[in-house]
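# Geometric and topological summary
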Amino acid sequence: MTDPAESIEIQNVVASTGIGQELDLEALAEDLPGADFNPDNFPGLVYRTQEPKAAALIFRSGKIVCTGAKSIDDVHEALGIIFEKLRGLKIPVEDDPDITVQNIVSSADLGHQLNLNALAIGLGLEDVEYEPEQFPGLVYRMDEPDVVILLFGSGKIVITGGKRTDDAEEAVEEIVDRIEALGLLG
């Protein structure tokens, strides 16, 4: 069997930053080509970068959330583009604003079908939510690393809540160990 940790793919990285001052989003929407601002639908201005592909949600407070990136490096690169665009509009942005990773969503494949009913009981009902009539996956809240894993009968999993890229690998190794210990893998 191939190592499930080798199948991990980052799907989304969400990070936040700020420029420390209020912004006039109406004026910014006019001055920033390609920006979307529709305050009736969403209070922030949306600016998408193509390379790397990401979206920045820019709020009146000066807070910026970057989403849709496939790596932490891509987040830094996309936000660097945004900072340069703002500087080009004479909006002061410090040289190296703090960027905080809020969430990394990854997927992986355990390589085996899973019996979710047996897993729900085996993993301990206090850490598990499993209501197949509502959602086809088992939701498992892991303490170390502090992530949530969605397990599906196909053996595919989604790991969310990580703050480091290593969190997904540690979570996959831990869940595989737990499932094997229950005799439910393969």
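Residues numbered from 1 in each chain as written. Predicted model: local features only at pLDDT ≥ 70, side-chain atom pairs only at ≥ 80, totals over all residues. Heavy atoms only, no water.

Named according to an unreviewed UniProt entry, the protein chain is TATA-box-binding protein originating from Halobaculum saliterrae. In its Sequence similarities (unreviewed entry) section, the UniProt record describing the protein chain reads: "Belongs to the TBP family." Annotation of the protein chain in UniProt includes, under Function (unreviewed entry), the sentence "General factor that plays a role in the activation of archaeal genes transcribed by RNA polymerase. Binds specifically to the TATA box promoter element which lies close to the position of transcription initiation." (UniProt positions renumbered as here; feature names shortened; annotations may be inferred.)

Turning next to helix α2 (residues 72–88). Given a rise of 1.5 Å per residue, 17 residues ought to cover 24 Å, and the 24 Å separating the end C-alpha atoms of α2 matches this to within 8%. Burial in α2 covers these residues: V75, A78, L79, I82, F83 and L86. Down the axis of α2, the buried set is contained in an arc of 145 degrees. They therefore lie on one face. Summarising the geometry of α2, the exposed residues directed more than 90 degrees from the buried face are D73 and G88. Each element contacted by the buried residues of α2 is listed here: β1 (9–18), α1 (25–31), β3 (45–50), β4 (53–58) and β5 (63–69). The positive-phi residue at the C-terminal boundary of α2 is K90, with phi of around 65 degrees. (Helix = DSSP H or I, 4+ residues; strand = E, 2+ residues; numbered from the N terminus. Expected span 1.5 Å × (residues − 1). Buried < 20%, exposed > 50% of the residue type's maximum accessible area, 1.4 Å probe, protein only. Arc of directions from axis to C-beta. Contact = heavy atoms within 4.5 Å.)

Let's shift gears to the pairing of β1. Relative to strand β6 (residues 100–109), β1 runs antiparallel, the two being bridged by seven bridges. For V14, the partnering residue across the bridge sits in β6 and is N103. (Pairing = 2+ DSSP bridges.)

Position of L185 relative to the elements: it lies in the segment after α4 (165–181). Separated by 139 residues in sequence, L185 and V46 have C-alpha atoms that sit 43 Å apart. If we skip the residues at most four places from it in the chain, L185 touches L110, H112, L114, V176, I179 and E180.

Going through the model one piece at a time under the given rule, you end up with nine salt bridges. For E84, the salt bridge identified is with R87, shortest N-O distance 2.5 Å. In this pair, E84 and R87 are both assigned in helix α2, three residues apart and thus about one turn of the helix distant. With relative accessibility at 23%, the residue R87 sits in the partly exposed group. One salt bridge in this structure joins R164 and D167, with 2.7 Å as the shortest N-O distance. Residue R164 is classed as partly exposed on the basis of its relative accessible area, which comes to 40%. Residue D167 is classed as buried on the basis of its relative accessible area of 8%. A single salt-bridge network, built from bridges that share partners, covers R164, D166, D167 and E170. (Salt bridge = Lys/Arg side-chain N within 4 Å of Asp/Glu carboxyl O.)

A separate point is unusual backbone geometry. Here E51 and P52 are connected by a cis peptide whose omega angle stands at 5 degrees. For the peptide bond that leads from E144 to P145, omega is 0 degrees, which places it in the cis range. Within the secondary structure layout, P145 lies in the loop between β8 (138–142) and β9 (147–151). One non-glycine residue, K90, adopts positive backbone phi at about 65 degrees. Inspection of the secondary structure assignment puts K90 in the loop between α2 and β6.

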